Amino acid sequence: MAEFEEIVEDNPNPRKWKHKIWDVTKLILKVGVTSALLYYVFSKVPFSEVKNRLLHANYWWMLAGVAFYFCSMVASAWRLLSFFKSIDLRLDPRFNFRLYLLGIFYNLLLPGGIGGDGYKIYLLHKNYQLPAKRVFWAIAFDRLSGLWAIGLIIVALKIFIPQIAVSFAIVGGVFVAGTAIYYVIVKIFFKDFSKHFIKGHAKAVVVQTFQVLTILCVLLGQDFNGKFAPYLLSFLLSALAAVVPVTFGGAGAREYIFKVLAGVFNMNVGLAVFLSVSFYLISLLVALSGLYYVLRPKRLEEGLKSIEEK
């Protein structure tokens, strides 16, 4: 939060040298962790196997996976609008989507700095004079809704995975109780965000459903006809691991989780790692669309002043 607040001061001073050193340190740590995880995974799973799967995939199914992932980004931008409405920020949907694409480009492809979320906070604070913390919490709850939706789908998949010894009643009960506590906390301490709580979280389920469909398409592109649930569950758990910002866009962390869970759920480890790599490549391809707004910033800003419609 501190680095977000720093960029929205009315007269910001040049960043102190210790902040610059910390940025460089974070970059080095990310490179180190990402490299170490990828080295470990590909020391166990030959890269040639992953490459062959990619070269011999059914590209129509892969293209469908790209389409579903793009749809998940559209739904993600739509979800974010709900949380912005909670702070009375009513953005032009087209501008919001362009800003979202630029944000995922920054998050996935730029190694350091404040990332896409920080840029959103800076831009919206600057143009609409909203407190940076309110914009921050809108984006934070947007992320939390995504984690909640992942948890919901994980609980649903438990039915199809007998290897997990814990009963569905316990898992489901814990999730319901956790959801209730989560809502009560929002209702008491973040009352503004309770107004669109259900709508925003329902949209989050749509987002994660599209991403699950992305993985299903990649599996079908490998002529897979086995049990889908273990691979889908592993994907969702790897998504949770990728949230921790210690690697570049989750690279390395996802592959490591897939590798470990392949042994737990008796999955084909080569296929499991291939799914992870494919998802990263698909997300990279879609994220590249945000580069257009780096090169054409005026195109991004169309609709930026729609605050009068608030």
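Residues numbered from 1 in each chain as written. Predicted model: local features only at pLDDT ≥ 70, side-chain atom pairs only at ≥ 80, totals over all residues. Heavy atoms only, no water.

1. Overview of the packing of helix α10 (residues 197-220) against helix α13 (residues 269-287)
For any two helices packed against each other, the geometry is given by the interaxial angle and the distance between the axes. At their nearest, the axes of α10 and α13 sit 10 Å apart, and the two run at 125° to each other. Classified by the angle their axes make, α10 and α13 are oblique. The interaxial crossing formed by α10 with α13 has right-handed handedness. Of the residues in α13, those touching α10 at Q211, T214, I215, V218 and L219 are L271, F274, L275, S278, F279 and I282. (Axes fitted to C-alpha atoms, helices over the stretch in contact; angles between N-to-C directions. Helix = DSSP H or I, 4+ residues; strand = E, 2+ residues; numbered from the N terminus. Parallel < 35°, antiparallel > 145°, perpendicular 65-115°, else oblique. Left-handed = near helix turned anticlockwise from the far one by under 90°. Contact = heavy atoms within 4.5 Å.)

2. A look at the nonpolar core
One finds F84 and L124 to be the most contacted residues of the largest nonpolar core, which totals 81 residues. Ranked by residues supplied to this core, first place goes to helix α7 (residues 132-157) with 13 residues. In contact with F84, other than residues within four places in its own chain, are L89, L91, N96, L124, V135, A138 and I139. (Core = buried A, V, L, I, M, F, W, Y, C linked by side-chain atoms within 4.5 Å. Buried < 20%, exposed > 50% of the residue type's maximum accessible area, 1.4 Å probe, protein only.)

3. What to know about the packing of helix α12 (residues 253-264) against α13
Here α12 crosses α13 at 160°, and the two axes come no closer than 9 Å. Classified by the interaxial angle, the pair formed by α12 and α13 is roughly antiparallel. Judged by the sense of rotation from one axis to the other, the crossing of α12 with α13 is right-handed. Contact with α12, carried on its side by R254, E255, F258, K259 and A262, involves V269, A272, V273, L275, S276, V277 and F279 of α13 and no other residues of that element. Residues belonging to the contact of α12 with α13 are distributed by class as follows: 8 nonpolar, 1 polar and 3 charged. (Nonpolar A, V, L, I, M, F, W, Y, C, P; charged D, E, K, R; others polar.)

4. So, the environment of V186
Checked against the element boundaries, V186 lands in helix α8 (residues 168-189). Judged by relative accessible area, V186 falls into the buried class, the value being 1%. Sequence spacing of V186 and F141 is 45 residues, and the spatial spacing of their C-alpha atoms is 9.5 Å. Apart from residues lying up to four places away in sequence, V186 is in contact with F141, K191, F193, S194 and F197.

5. Some words on the pattern of salt bridges
This model, assessed by the stated rule, comprises 6 salt bridges. Among the ionic pairs, R143 bridges to D117, the shortest N-O distance being 2.7 Å. In this pair, R143 is assigned in helix α7 and D117 in helix α6 (residues 115-128), connecting sequence segments 26 residues apart. Residue classification places D117 among the buried positions, given a relative accessible area of 14%. Each of D117, K120 and R143 takes part in a single network of salt bridges with overlapping partners. (Salt bridge = Lys/Arg side-chain N within 4 Å of Asp/Glu carboxyl O.)

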